[in-house]
Amino acid sequence: MFVKNKMTSNPFTISPAQTIPDAQEIIKNNGIKRLPVVDNGKLVGVVSRGDIVKVSPSKATALSMGEITYLLAKTKISSIMSKNPVTVSSNALLEEAALLMRDNDIGFLPVVDNEKLVGIITESDIFDSFIELLGFREPGTRMTIEVDDAPGMLSMITSTFAKFNANITHVAVYSSAFGKSNVVIGTNSLNTTEIEKYIAEQGARIIYRIQNK
């Protein structure tokens, strides 16, 4: 799956010439944490709630409310934004976006094509995609099968489902320990007793099963 399939297009943005109150209003009214900073369509930075908190006077300040409001209204976004943010292309795989977030310890990526901001993708989008890819919310049966990490084991499993006329909807393979792999199979069938029996006869082991009706 690609970033463009899960990103939010036309996200809320702010210009570097706008002020802190402008950013506060957009963030509060739309329930978001971060704003791409865009100048003539080009991404120039990112401003977050945290950036605003860092430059806002503390509650212990001797300044009056009027003075605080004046100072914030004079502070341009360009002076507090994070410049040169990590970005991703809309044609990148979701796995690439996830790696960028993980390696840079961030939960948000502006999506940029040809130097233009085309969307944003967040860690929540990645989590939702992971759940979708494994079909965790879909009706049917999801089982985890422990097999020898050897050629032909995945073929054995998929042919077993075909043998019993069960449709495979999702597949994932995870390396385990001691020469084993865990194969996660999603099927739209709720009656998998014979499938499980046959798989066990081939030397594999069902280690987990869950059903959604």
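What counts, and at which threshold
Residues numbered from 1 in each chain as written. Predicted model: local features only at pLDDT ≥ 70, side-chain atom pairs only at ≥ 80, totals over all residues. Heavy atoms only, no water. Helix = DSSP H or I, 4+ residues; strand = E, 2+ residues; numbered from the N terminus. Rg over C-alpha atoms; globule rule 2.2 N^0.38 Å. Buried < 20%, exposed > 50% of the residue type's maximum accessible area, 1.4 Å probe, protein only. Contact = heavy atoms within 4.5 Å. Areas by Shrake-Rupley, 256 points an atom, 1.4 Å probe, with all protein chains shown as cover. Lys, Arg positive; Asp, Glu negative; His and termini not counted. Charge placed at Lys NZ, Arg CZ, Asp CG, Glu CD. Pairing = 2+ DSSP bridges. Axes fitted to C-alpha atoms, helices over the stretch in contact; angles between N-to-C directions. Phe/Tyr/Trp six-rings, centres within 6.5 Å; stacked < 30°, edge-to-face > 60°. Lys NZ or Arg CZ within 6 Å of the ring centre and 35° of its normal. Salt bridge = Lys/Arg side-chain N within 4 Å of Asp/Glu carboxyl O. Core = buried A, V, L, I, M, F, W, Y, C linked by side-chain atoms within 4.5 Å.

Q: What's the story with the overall build of the protein in this structure? I'm lost.
A: The secondary structure content of the protein amounts to eight helices and 10 strands. A globule of 213 residues ought to have a C-alpha radius of gyration of about 17 Å, yet the protein, at 25 Å, is considerably larger. Judged by the C-alpha coordinates and their principal axes, the protein covers about 75 × 40 × 35 Å. For the protein, the residues scored as buried account for 37% of the 213 residues in total. In the protein, the proportion of contacts linking residues at least 24 apart, taken out of those at least 6 apart, comes to 62%. On the protein, roughly 12,700 Å² of surface is accessible, and the fraction owed to carbon and sulfur atoms is 51%. Of note, the protein has its 22 positive side-chain charges centred 5 Å away from the centre of its 22 negative side-chain charges.

Q: Is there a simple way to explain the pairing of strand β9 (residues 180–187) in this structure?
A: Here is the key point about a regular strand: its side chains alternate between the two faces of the sheet. Burial of β9 is extensive: seven of the eight residues sit out of reach of the surface. Sheet topology places strand β7 (residues 140–148) next to β9; eight bridges connect them, and they run antiparallel. Its bridge partner lying in β9, T141 is registered against T187. Bridging between strand β8 (residues 168–175) and β9 involves seven bridges; their strand directions are antiparallel. If you follow S175 over to β9, its bridge partner there is S181. Between the antiparallel neighbours β8 and β9 lie four residues, among them F178 with a positive phi of about 60°.

Q: What should I look at first to understand the sheet that holds β8 in this one?
A: Note on sheets: strands pair through backbone hydrogen bonds, and any given pair is parallel or antiparallel. Reading across the sheet, the four strands line up as β8-β9-β7-β10 and stay open at both edges, with antiparallel pairing between neighbours. The open sheet has two edge strands, β8 and β10 (205–212), and neither has a second partner. Adjacent strand axes in the sheet meet at a mean angle of 15°, parallel and antiparallel pairs treated alike.

Q: Sorry if this is basic, but what is going on with the packing of aromatic side chains here?
A: Aromatic ring pairs are defined here through the distance separating the ring centres and the angle between the ring planes. Under the defined criterion, the tally for this structure stands at one aromatic pair. Ring geometry for F164 versus Y198: centroids 5.9 Å apart, planes at 65°, classification edge-to-face. In this pair, F164 sits in the loop between α7 (153–163) and β8 while Y198 sits in helix α8 (residues 193–201), placing the two residues 34 residues apart along the sequence. F164 gets classed as partly exposed once you look at its relative accessible area, which sits at 30%. The ring of F2 has K4 lying over it, and the distance from NZ or CZ to the ring centre is 5.6 Å.

Q: What exactly am I supposed to notice about the pattern of salt bridges here?
A: When the charged atoms of two side chains lie near each other, side chains of opposite charge can form a pair. On inspection of all chains with the given rule, the structure shows four salt bridges. Across the pair E132 and K6 runs a salt bridge, and its minimum N-O distance is 2.6 Å. Pair noted here: E132 is in helix α6 (residues 123–133) and K6 is in helix α1 (residues 3–6), with a separation of 126 residues, a long-range link. The partly exposed category is assigned to K6, whose relative accessible area is 24%. In this structure, R209 engages E196 in a salt bridge whose closest nitrogen and oxygen atoms are separated by 3.1 Å. You can see R209 sitting in strand β10 and its partner E196 sitting in helix α8, a full 13 residues away along the chain. The partly exposed category is assigned to R209, whose relative accessible area is 42%.

Q: Honestly, the nonpolar core in this entry has me stumped. Any pointers?
A: The tendency in soluble globular proteins is for nonpolar side chains to be buried side by side. Counting 14 residues, the largest nonpolar core has I14, L35, V47, I52 and I77 as its most contacted members. Contributing elements (two or more residues each) for this core: α2 (20–30) and β2 (34–39). Ranked by residue count, the leading element in this core is α2, at four residues. Not counting the four nearest positions on each side in its chain, I52 is found in contact with I20, A23, Q24, I27, V47 and I80. One finds I145, M153, I157 and A166 within the second-largest nonpolar core, a separate group that totals 13 residues.

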